[in-house]
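# Working through the structure, step by step
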Amino acid sequence: MTRHYNFCAGPAALPTTVLERARDELLDYHGSGVSVMEMSHRGEAFVSIAERAEADLRELLAIPDNYRVLFTQGGASLQFAALPYNLLGAGGRANFLHTGIWGKKAISEARHLFGDVHVAASSEENGHSAVPRQEDIVLSEDAAYLHYTANETIGGLEFDYIPEAIRPDGTPVPLVCDMSSTILSGPLDVSRFGVIYAGAQKNIGPAGLVMVIVRDDLLDQARDDMPTLFSYKALSEAGSMVNTPATYSWYLAGLVFNWLKGGIGGLTAMDAINSRKAARLYAAIDDSALYANPITLRNRSRMNVPFVLADPRLDSLFLEEAEAAGLLNLKGHRSVGGMRASLYNAVPEAAVAALIDFMADFEKRRG
Ligand code: PMP
């Protein structure tokens, strides 16, 4: 058995030790005689898995007590719709920062459902190569909340600061963040946010699960016409079990949280590893004549590193040879082309070293 280095943007690499533990527990979970996939979500064994996962996550992110953690479904994309339903009950408009493809999808969904939205700042003018600065963000007078994307997974553009969400009259509004591709990559001040959400399939676990962290005073801001399964309040009151949750994904997420705590030593340690990995790869790109990354230095993503080859005719050869060398899923998103190396938590430093060696060797031979 060989596990290759996997740079997939999502569903992404999982820690090998997590998969080994899942394998060991697969057929007979802790003497229950069944697998986690086969047990009732309301039974004692699963409820204890679910509670452990939440407790570990709370500890990792130091989530304050006035925040609820929801384990729900429908992908991060469903949250693009659930958010305005949950937060526009008292009227007002959804405000957005537009920094790339995912931010735009969130904007389009809110516009599609509720008409008018306000784009408080956009990086469109610079081709999404630098995020708007705080002084360029202008909310509408009727802003109900400000939504932004911490890291544009396709563009490789990451916020280097947490924006302030304040209306022109000085009133603060909830800050809402799509952290699908950065959650758990380092420590986070959760108290700065109204809602944080993330699809699981990058830094949390397998696809099929979405995590929402919501400040409890926002549970009463919802529209009345909302589908029950969108409702943060309903999910919170039912312990994320309004209906059958994605039990196996939830269990695996719990194993990942446990690995982050015990195997890695927490998010400060994870943060340092992630910084090292990204710094090494960007340095290799910047030092070469063949590879290039267009993002302004302060906003280069630590999780997703897109790069192009000076001669795009070499792209398919690069990918072919990389794959032969055991370096998988380096093809850029179909909408932008080029390459992208995703360096999520479970991608080890050795993978980055192997990639850098391969890139240097490829450049020497073909560049
Ligand atoms: N937001 C971001 C930042 C993403 O990277 C993705 C998926 N790549 C999504 C939203 C959509 O996630 P899902 O496929 O879980 O709906």
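Parameters and conventions
Throughout this document, residue positions are counted from 1 along each chain, in the order its sequence is written. Confidence filtering applies because this is a predicted model: local features only for residues at pLDDT of at least 70, side-chain atom pairs given and counted only at 80 or more, and all residues used for totals across whole chains, interfaces and linings. UniProt positions are given in the numbering used here, feature names are shortened, and annotations may be inferred rather than shown by experiment. Criterion used throughout: strands pair if DSSP finds at least two bridges between them. Runs of E in the DSSP output that reach at least two residues are strands. Runs of H or I that reach at least four are helices, and both are numbered from the N terminus. Each axis is a line fitted through C-alpha atoms, taken for helices only over the stretch in contact, and angles between the N-to-C directions span 0 to 180 degrees. Only buried residues count toward a nonpolar core: Ala, Val, Leu, Ile, Met, Phe, Trp, Tyr and Cys, linked into one set through C-beta atoms within 7 Å. Burial is judged by counting other C-beta atoms within 10 Å of a residue's own C-beta: 20 or more means buried, 12 or fewer means exposed, and anything between counts as partly exposed, with every C-beta placed from the backbone. Delimitation of the domains relies on an automatic or database domain assignment. A pair of residues counts as a contact when their C-beta atoms, built from backbone coordinates, are separated by no more than 7 Å. Placing a C-beta atom from the backbone of each residue, we mark the residue near a molecule or strand if the atom is within 6 Å of it. The classification used treats Ala, Val, Leu, Ile, Met, Phe, Trp, Tyr, Cys and Pro as nonpolar, Asp, Glu, Lys and Arg as charged, and all other residues, Gly among them, as polar. By this rule, a helix spans an expected 1.5 Å times one less than how many residues it contains. This arc corresponds to the set of directions leading from the helix axis out to the C-beta atoms. Under this scheme an angle from 65 to 115 degrees is roughly perpendicular, one under 35 degrees roughly parallel, and one over 145 degrees roughly antiparallel; angles in between are oblique. Handedness of each helix crossing follows the sense of rotation of the near helix against the far helix: counterclockwise by less than a right angle gives left-handed, clockwise gives right-handed.

The name given to the protein chain in an unreviewed UniProt entry is Phosphoserine aminotransferase, with the source organism recorded as Halomonas daqiaonensis. Per UniProt, the protein chain has the following entry under Subcellular location (unreviewed entry): "Cytoplasm".

Moving on to the sheet that holds strand 12 (residues 304–309). To summarise the sheet geometry, strands pair through backbone hydrogen bonds and adopt either a parallel or an antiparallel arrangement. Reading across from one edge, 11-12-14 is the order of the three strands in this open sheet, with antiparallel pairing throughout. Looking along the sheet, the strands with just one partner apiece sit at the ends: strand 11 (291–292) and strand 14 (339–342). By the bridge criterion, two bridges tie strand 11 to strand 12 in an arrangement that is antiparallel. Considered in strand 12, the bridge of A292 is made with V308.

Time to look at the sheet that holds strand 2 (residues 67–72). What the seven strands build is an open sheet, ordered 2-10-9-8-5-3-4; its pairing is mixed. Either end of the sheet is taken by a strand with one partner, and the two such strands are strand 2 and strand 4 (118–122). The average angle at which neighbouring strand axes cross in this sheet is 15°, direction not considered. Relative to strand 5 (residues 143–149), strand 3 (residues 93–98) is paired through four bridges, and the arrangement is parallel. Looking across to strand 5, one finds that F96 is bridged to H147.

Residues L146 and M211 are the most contacted members of the largest nonpolar core, which totals 111 residues. The residue makeup of this core includes at least three contributed by each of domain 1 (17–262) and domain 2 (266–366). Those residues in contact with M211, other than ones at most four positions away along the chain, are V69, F71, Y197, A198, A200 and I204.

So, on to the site of the ligand. Around the ligand, the structure places G10, G75, A76, S77, W102, T149, T153, D178, S180, S181 and G199. No other element matches helix 3 (residues 75–87), which puts three residues into the shell around the ligand. Within the shell around the ligand, the residues separate by chemical class into two nonpolar, eight polar and one charged.

This paragraph deals with the UniProt feature "modified residue: N6-(pyridoxal phosphate)lysine" (unreviewed entry) in the protein chain. With numbering aligned to this structure, UniProt lists the feature "modified residue: N6-(pyridoxal phosphate)lysine" (unreviewed entry) at K202. Mapped onto the elements of the fold, K202 is located in the loop between strand 9 (195–199) and strand 10 (210–215).

Turning next to helix 7 (residues 267–286). For helix 7, built from 20 residues, the straight-helix expectation of 28 Å at 1.5 Å per residue is met to within 8% by its first-to-last C-alpha distance of 28 Å. Of all the residues in helix 7, the buried ones are L267, M270, N274, K277, A278, L281, A284 and I285. Projected onto a plane normal to the axis of helix 7, the buried residues spread over an arc of 125° and lie on a single side. Counted as exposed and oriented over 90 degrees from the buried face of helix 7: T268, A283 and D286.

So, about the pairing of strand 10. Most of strand 10 is tucked away: five of the six residues are buried. Across six bridges, the pairing between strand 2 and strand 10 is antiparallel. Residue pairing in the sheet places F71 in a bridge with M211 of strand 10. Summarising the sheet, strand 9 and strand 10 pair through five bridges and their orientation is antiparallel. Looking at the pairing, G199 lines up with V210 of strand 10.

Moving on, we get to the UniProt feature "binding site: L-glutamate" (unreviewed entry) in the protein chain. Sites flagged by UniProt as "binding site: L-glutamate" (unreviewed entry) map to R42. Topologically, R42 is positioned in the loop between helix 1 (16–24) and helix 2 (44–61). Once residues within four sequence positions are removed from consideration, R42 is found in contact with V47 and M241.

This paragraph deals with the packing of helix 3 against helix 4 (residues 101–114). One way to put it is that helix 3 packs onto helix 4 with a least axis distance of 9 Å and a crossing angle of 45°. The angle between helix 3 and helix 4 falls in the class oblique. Every pair of crossing elements has a handedness; the one defined by helix 3 and helix 4 is right-handed. Here S77, F80, A81 and P84 of helix 3 lie close against helix 4, whose contacting residues are K105, A106, E109, A110, L113 and F114. Here the residues of the contact of helix 3 with helix 4 are counted per class, giving seven nonpolar, one polar and two charged.

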